[in-house]
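# Secondary and tertiary structure notes
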Amino acid sequence: MRQLVPVLLVVLVAALDVTVIAPILPAVLVDLRVNSAEADRYVWIVSGYLLAYTLTIPVMGRVSDIFGRRATFLVALGVFLAGSAACAVAGSLPAIIAARVLQGLGGGAMVPVAMAAVGDLLPPARRAGALGVVAAVDTLGWVLGPLWGAAIEQLTGDWRWIFALNLPIGAAAALVLARLWRGAPLAGPRRAPFDLPGALLLTAALLCLSLGLSVTAELPGGANRALGAAPNPLSAYRLPLVTAGIVAFAGLVAVEWRAAHPLIPLGLFGQRRFAAGNVTNFLIGAALMVAMVNVPLLTALQVDAAQVSRVSAELLGTFSLAMGLGALAGGRAAERLGDVGVTLAGLLVAAGGFWHMSGWGDAFARPRMVLDLAVTGAGVGLVIAPIAAVAINAARRGDLGIASGIVLAMRLLGMTLGISALTAWGVDRLNHALRSLPPVTQQPGESLTAYLARQQELAVQYAIPATMAVIRDTFAAAALICLVAIIPALLLARRSGRARG
Amino acid sequence: MRPPPFVRLSPVILVLILGLLACGRSAPTPTPAPSPQALIEAATARFAELQTAHFVLTIEGDVFLDPQQSLTLRGAEGNIQRPDRAATKADLGFAGATISVELVSLGPDQYMTNFLTGRWEQAPADLAYNPAVLFDPERGIQAVLRATRDVTLVGNETVAGVAARHLRGVAPRAAVTPVTGAAFHADPIDFDLWIDAETSDILKVVLHDTAAAQGAIPATWTLELSRHNEPVHIERPAT
């Protein structure tokens, strides 16, 4: 187990970086001078990491079979650290998105390789417990991410330190691991089957769908959006991207059915409870990410700039802590009350919480926001454990490893696609709301100062409230997603005769 | 196990190669560094010939654009074309959000986007600032360079991969104001200037304000010029 401690440390750091960005996102946007109405582009600071993290999870366990655990883990760690360094020095939006993608590729790769290393290092009797520890550390990182990010930003006054601090931690872990793992009974390089067509089609499908869903229709003639935001250059390719994504997805299904060693054994989805659990997981991922990204953006419009990261961390910390406690309670409650009942209860609580969040006012109201986020987080948490348990238990014993990976990847996928689609919807609504404002023109004899003051007055009266209204509407959409998730959740109860081989 | 002879001799071989390379070149004749004043004059003359350039302005600190101190300038980027054309996109901070305003100057005609709707409109008649002022020999960059004092050569550096000479000095606020607007509080203003060691093109200017309004952070302006004399197209926007 001693050999796994540095592994757990870097898995924790990589998991922290999934959510660490949330409370500091407003500060990053100000620093990089990103227009507030270009959310469909800056959301990629979050979803770029998530997408890369998601894509590597089903792939890298197999890759480590071919190249050996030690080499694969150390390369993944190196990629993660290179991405962290690039984030720390990023000077533009494209630069930080590229850096976050690199970071996500390395961060996501470490989780499955760490799990595979557990299998190599520990006897079968101790593996289950150790795998539980790896999963718990991964979840702990997600929960602590917002608090860690805000704490470092408040202490140093610069969000870049959050990424820079990964370097000494990761480098120390790499040095210790290189020494500890020398001669350890880890799987070395060997010939192993790898589903390269499946991996490429999965990457193409998710990338095209994420990009296609994240862009909005633009105004004719390439005109600027409201607030002076530039049109998204990808908007002309929205339909081709979504089509390419669907085609790649169809190709993936065709390839995986025929593959001797498929990346994603589609037979698993023939188990109705497995499929239903994963669809529910996908939808709950989409809903929870709305809170993670949009609560700090709303906070940035309500509190002083210097307070944004601290206040956001308090709010998101409440949400993620409640989610963690809800997950623990959900697991226990499901044993007594049944998986379906607890899942449905959690979805209803989460839907109610999100719905209540959609009624937040324009002024910052800490007690109500904290309470609503606690309720919503607890609801989301109640759902997570039972649906994961149902899905994994529905799989055959030999498929348990891949089934766990798919459950985790589906939630991440829901987070990525959900926030992309909802952000595009929000940007579209904000653009229409602001462009339909009454025209503001300089009156004869009106000075520039007076004209600017009148525009600012209009901004305070209309633009800022309109932005907050759009953000609140995404919470209502998240409530709706939770309600929709009740449909697959109801299918969890039906038992197919083929479950559990 | 002893390493093979080639490996054992490799340091000797390396020294021999380096020695041969050194002997192959004649000893460089030290050229006297030009005086700071001569460098400033060369940059001024070169700027007088500049036809187009791309600029990026980055601001650290607070530069308020309104008396209420609620609208801040965060930076700008654009192209300038001699004698009086400019296209600029400025990023402004307002109520926790970043918004953008575009400005196109075609001689005396100026157009800007409304910062709420993003639509193009005629710029206000009393808009006192036109980026094309940079080319004005009496009020632009050349005038600022001529007014500089106490200039010293800091050293030879590289800016975006280009060999540059780094100069430092001060400029009176009155000379800088037409270029920056009335944004500076200190007088004189400290500056750092990097000019292309070969062509004398201005590559980068950093202006340091050492004073600020109450409660504000003194601003540092960094102006980077690139794509010197490359073609640009600045057209009238559809209003």
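How each quantity is defined
Residues numbered from 1 in each chain as written. Chains lettered and ligands numbered in written order. Predicted model: local features only at pLDDT ≥ 70, side-chain atom pairs only at ≥ 80, totals over all residues. Helix = DSSP H or I, 4+ residues; strand = E, 2+ residues; numbered from the N terminus. Buried ≥ 20, exposed ≤ 12 C-beta atoms within 10 Å, placed from the backbone. Contact = placed C-beta atoms within 7 Å. Axes fitted to C-alpha atoms, helices over the stretch in contact; angles between N-to-C directions. Left-handed = near helix turned anticlockwise from the far one by under 90°. Nonpolar A, V, L, I, M, F, W, Y, C, P; charged D, E, K, R; others polar. Pairing = 2+ DSSP bridges. pLDDT = per-residue confidence, 0-100. Core = buried A, V, L, I, M, F, W, Y, C linked by C-beta atoms within 7 Å. Domains from an automatic or database assignment. Expected span 1.5 Å × (residues − 1). Arc of directions from axis to C-beta.

## A word on the overall build of chain B
Of regular secondary structure, chain B possesses 4 helices and 11 strands. The buried share of chain B, taken over its 239 residues, is 32%. Across chain B, contacts joining residues at least 24 apart in sequence account for 50% of those joining residues at least 6 apart.

## So, the overall build of chain A
For chain A, the count of helices and strands is 18 helices and 0 strands. Oriented by its inertia axes, the alpha-carbon framework of chain A measures out at about 85 × 50 × 45 Å. When each of the 501 residues of chain A is scored for burial, the buried share is 54%. Excluding contacts between residues fewer than 6 apart, the proportion of contacts in chain A whose partners are at least 24 apart in sequence is 85%.

## Things to note about the packing of helix α4 (residues 44-67) of chain A against helix α6 (residues 93-121) of chain A
All names here are of chain A. Their axes nearest at 6 Å, the elements α4 and α6 cross at an angle of 35°. Seen along the crossing, α4 lies across α6 with a hand that is right-handed. By residue class, the composition of the contact of α4 with α6 is 19 nonpolar, 9 polar and 1 charged.

## Concerning the sheet that holds strand β5 (residues 109-113) of chain B
All names here are of chain B. Taking strand neighbours across the sheet as the criterion, the 11 strands line up as β6-β5-β4-β3-β2-β1-β11-β10-β9-β8-β7 in an open arrangement whose pairing is antiparallel. The open sheet has two free edges, formed respectively by β6 (120-122) and β7 (149-159), since each of these has just one partner strand. Across the sheet, the mean angle from the axis of one strand to that of its neighbour is 20°, orientation sign disregarded. In terms of strand pairing, strand β3 (residues 85-94) meets strand β4 (residues 97-106) through 10 bridges, oriented antiparallel. Residue pairing for β4: A86 is matched across the bridge by S105.

## Digging into unusual backbone geometry
Across the junction of R82 of chain B and P83 of chain B, the peptide omega takes the value 10°, indicating a cis bond. With respect to the helices and strands, P83 of chain B occurs in the loop between β2 (71-81) and β3. The residue after D187 of chain B, namely P188 of chain B, is reached through a cis peptide bond having omega 0°. On the secondary structure map, P188 of chain B appears in the loop between α4 (173-180) and β9 (189-196). In this model, R33 of chain A sits at a positive phi of 55°, which is unusual for a non-glycine residue. Tracing the sequence through the fold places R33 of chain A in the loop between α2 (21-31) and α3 (39-42).

## A look at the packing of helix α12 (residues 272-300) of chain A against helix α13 (residues 308-337) of chain A
Residue and element names in this part refer to chain A. Where α12 contacts α13, the axes come no closer than 9 Å and their chain directions differ by 145°. As for the relative orientation of α12 and α13, their crossing is right-handed in sense. Each of A291, M292, V295, P296, T299 and A300 in α12 lies in contact with α13, whose residues at this interface are V308, V311, S312, L315, L316 and F319. The class makeup of the residues in the contact of α12 with α13 is 10 nonpolar, 2 polar and no charged.

## Here we look at the interface of chain A and chain B
Contacts between chain A and chain B engage 34 residues on the former and 28 residues on the latter. Tallying contributions element by element places helix α17 (residues 448-484) of chain A first for the side of chain A that touches chain B, with 12 residues. Looking at the side of chain A that touches chain B residue by residue, the classes come out as 21 nonpolar, 10 polar and 3 charged.

## Structural notes on the pairing of β7 of chain B
Residues and elements named next belong to chain B. With 0 of its 11 residues buried, β7 lies for the most part at the surface. Two strands pair when backbone bridges link them, and β7 and strand β8 (residues 162-171) are joined in this way by 8 bridges, in the antiparallel orientation. From the neighbouring strand, V159 faces β8, where its bridge partner is V162. Here β7 folds back onto β8 in antiparallel fashion, the turn holding 2 residues, of which A160 has a positive phi close to 50°.

## Thoughts on the environment of L147 of chain A
Residues and elements named next belong to chain A. Mapped onto the elements of the fold, L147 is located in helix α7 (residues 124-156). Sequence separation between L147 and G317 is 170 residues, and the spatial gap between their C-alpha atoms is 6.0 Å. Look past the residues within four positions of L147 in its chain and what remains in contact with it is A313 and G317.

## Considerations on the confidence of the model for chain A
All names here are of chain A. Confidence in the prediction of chain A, expressed as mean pLDDT, is 86, and 96% of residues score 70 or more. Here α7 stands out as the least confident element of chain A, with mean pLDDT 81; helix α14 (residues 339-357) is the most confident, with 95. Note on residues 496-501: pLDDT under 50 across the span, and 10 contacts to partners over four residues away in sequence or across chains.

## So, the nonpolar core
Residues and elements named next belong to chain A. Judged by nonpolar contacts, the single largest core of 227 residues is most densely connected at V11, M110, A114, A287 and C482. Counting residues per element, this core draws most heavily on α12, which supplies 18 residues. The contact partners of M110, leaving out residues within four places of it in the chain, are V10, V11, A14, F73, A76, L77 and F80.

## Considerations on the domain arrangement of chain A
Residue and element names in this part refer to chain A. When cut into domains, chain A gives domain 1 (1-194), domain 2 (195-217 + 231-260) and domain 3 (270-501). Centre-to-centre, using C-alpha coordinates, domain 1 lies 23 Å away from domain 3. With 29 residues of domain 1 in contact, the opposing surface of domain 3 contributes 31 residues. Contributions of two or more residues to the side of domain 1 that touches domain 3 are made by α2, α3, α4 and α7. The element best represented in the side of domain 1 that touches domain 3 is α7, accounting for 9 residues.

## Examining helix α11 (residues 238-258) of chain A
All names here are of chain A. Between its terminal C-alpha atoms α11 stretches 31 Å, which fits the 30 Å expected from 21 residues at 1.5 Å a residue. Buried residues of α11: L241, G245, A248, L252 and V255, and no others. Projected onto a plane normal to the axis of α11, the buried residues spread over an arc of 95° and lie on a single side. In this structure, α11 carries L239, A250, W257 and R258 as exposed residues pointing more than 90 degrees from its buried face. Buried positions along α11 lie against α10 (196-214).

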